[in-house]
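Observations on the model geometry
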Amino acid sequence: MSADTPSTPHRTLPPGLTDRSVTAEITAPIRRPPMPRAWLALLAVGGAGVALLAVSVFWLFYQGVGIWGINIPVNWGLAIVNTVWWIGIGHAGTFISAVLLVTGQPWRNSLNRFAEAMTLFAASCAALYPLLHLGRPFYFYWVFPYPNVMHLWPQFRSPLEWDMFAFSTYLTVSLVFWYVGMIPDMAALRDTTRGSGRRVFYGLLALGWRGSAVHWARWRRAYVLLAAIAVPLVVSVHSGVAMLFAGGPVAGWNNTIFPPYFVLGAVFSGFAVVILLAIVLRAAFGFGDLVTARHMDLLGQWLLATGLMTGYGYLMDAFSAWYGGDPFEVGTLLDRLSGDYRVSYWAAVLLNFLPLQLLWWPRARASMPLLATVAASVVVGMWFERFMLVTGTLSKSDLPSAWGEYTPSVWEWTLFAGLIGFFLFAFCLFVRFFPAIPIAEVKEVLREDRTAADRTADAGAADRGAPPA
């Protein structure tokens, strides 16, 4: 059956799949190299990016942050722009994994594993920027409130403290949640892969899993509990990042709409990256039977919904500045519309919301090239939004004598490109050594689909007066 053939209403996955075929299809990239050419190409691009990242970080340590284009008043440059952008990308992974699990949405089971991996890699990229922005990153542990003989305690009103608590909590909970979900799959790889080294590796990660009823019950309890813990992260982490902006008396930032505005924008950009990764996995590894056209249609609907919510945040942000009547707020708004940073503002508006309107039509959501184009437009547009919010606001403070323009240096761009390469490289390695789609959870959906199909057949037989099957 074709991967894009619509399934019956009660099915999440297409008919014809079995437990054995699901295991074989998901573990094929791990058990049977060589890998597809698309994977090799992405790995090569990612490896080049990692090399560029190493050069950029080395030169930064050697010369200092003066090689960046940051200045006074724009002392937050691409470092903070990209921090907010990266951590926003990771939000869809937490949303798909935790929120949809708690609410009992079965369609998440084909998407959550690689979405969780995306969260980990994106959060790692985001966490690197504040460390590099410190100037003396080897003292990063000073931001932790640990007992020490120097009587050194962090300043809890500092944005660095906010970042430390947000990133450490986000990474820790996401990593534990990701690993606990993989334990049954590690046992499956332990029992199906060849080579003693791999069996030992996956066996250690499986933690002695044997698939008993007790193991399943405890795993389910722990998995749902971690999901319940992770649900507040969707709101709290990026709300904290938003309050980092809104808590300061800076025109253009001091707005109560920022926490929900940032959270919705983060999920918006994260869903766009999930769509791009899903399309790549479908094309490179033939996962069309597992990540079906229905999954892509639902992702398109979520992208449209979160995009419209983000657009409401744009409107309310502009309305608050105009209706408040504060001359500095109005001046910042006019500068975004027609001033020096108008290119970034209008690029964010057009890229985020113009192609998005195509997703109102089911045929557009069913077209993978069109869906990928819309998602890529959103990813770029959300970066322009962060650039506009950070640099466009800081460039003009309350005192005209302190105004200053900001131009990113070549080393800021190389660092950014290097982190994109690191993300691709890490994701390629993840797909090579771990199942990109959860085996156990997809089989659970298969069982639910079979049960629903049997009930439908029995109901139809009863209507015809025949005995149930």
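Everything numeric in this text was worked out from a predicted model, so none of it was measured.

Along the chain, the position of glycine 404 falls in the loop between α14 (368-394) and α15 (410-433). Since its relative accessible area comes to 17%, glycine 404 is described here as buried. Counting along the chain gives 331 residues from glycine 404 to proline 73, while the straight-line C-alpha distance between them is 6.3 Å. Leaving out residues up to four positions away in the same chain, glycine 404 has contacts with Pro73, Val74 and Ser395.

Attention now moves to the packing of aromatic side chains. Under the defined criterion, the tally for this structure stands at 48 aromatic pairs. Taking the centre distance of 4.8 Å and the plane angle of 80 degrees together, the rings of phenylalanine 245 and tryptophan 253 count as edge-to-face. Judged by centre distance (5.4 Å) and plane angle (20 degrees), the ring pair of tryptophan 383 and phenylalanine 387 falls under stacked. Taken together, the residues tryptophan 383 and phenylalanine 387, both in helix α14 and 4 residues apart, mark about one turn of the helix. Side by side, tryptophan 383 and phenylalanine 387 carry an identical accessibility label, which is buried.

For the largest pocket, the calculated volume is near 430 Å³. Lining the largest pocket are 20 residues, with Val273, Leu276, Leu277, Phe423 and Leu424 positioned closest to its centre. Counting only elements with at least two residues in the lining of the largest pocket, the list comes to α2 (37-63), α3 (78-89), α9 (258-285) and α15. The biggest single contributor to the lining of the largest pocket is α9, with 7 residues. Class assignment for the residues of the lining of the largest pocket results in 20 nonpolar, no polar and no charged.

With 94% of its residues at a pLDDT of 70 or more, the protein shows a mean pLDDT of 86. Put simply, helix α16 (residues 439-463) is where the protein has its lowest mean pLDDT, 70, and α15 is where it has its highest, 94. Low pLDDT, under 50, characterises residues 1-9; the predicted model gives this stretch 13 contacts beyond four residues in sequence or across chains.

Moving on, we come to the pattern of salt bridges. Tallying each qualifying case throughout the model produces 6 salt bridges. The closest approach of N and O atoms between aspartate 191 and arginine 190, which form a salt bridge, is 3.0 Å. Arginine 190 gets classed as buried once you look at its relative accessible area, which sits at 12%. With its nearest N and O atoms 2.8 Å apart, the salt bridge here joins arginine 220 to glutamate 444. Residue arginine 220 is located in helix α8 (residues 213-246), and its partner glutamate 444 is located in helix α16; the two are separated by 224 residues in the primary sequence. Taking relative accessible area as the criterion, arginine 220 reaches 28% and is therefore assigned partly exposed.

Procedures and definitions
Residues numbered from 1 in each chain as written. Predicted model: local features only at pLDDT ≥ 70, side-chain atom pairs only at ≥ 80, totals over all residues. Heavy atoms only, no water. Helix = DSSP H or I, 4+ residues; strand = E, 2+ residues; numbered from the N terminus. Buried < 20%, exposed > 50% of the residue type's maximum accessible area, 1.4 Å probe, protein only. Contact = heavy atoms within 4.5 Å. Phe/Tyr/Trp six-rings, centres within 6.5 Å; stacked < 30°, edge-to-face > 60°. 1 Å grid on protein atoms, 1.4 Å probe; cavity = no way out; pocket = protein on both sides within 12 Å on 5 of 7 lines; lining within 4 Å. Points joined across faces, edges and corners; volume = space filled by probe spheres on them. Nonpolar A, V, L, I, M, F, W, Y, C, P; charged D, E, K, R; others polar. pLDDT = per-residue confidence, 0-100. Salt bridge = Lys/Arg side-chain N within 4 Å of Asp/Glu carboxyl O.

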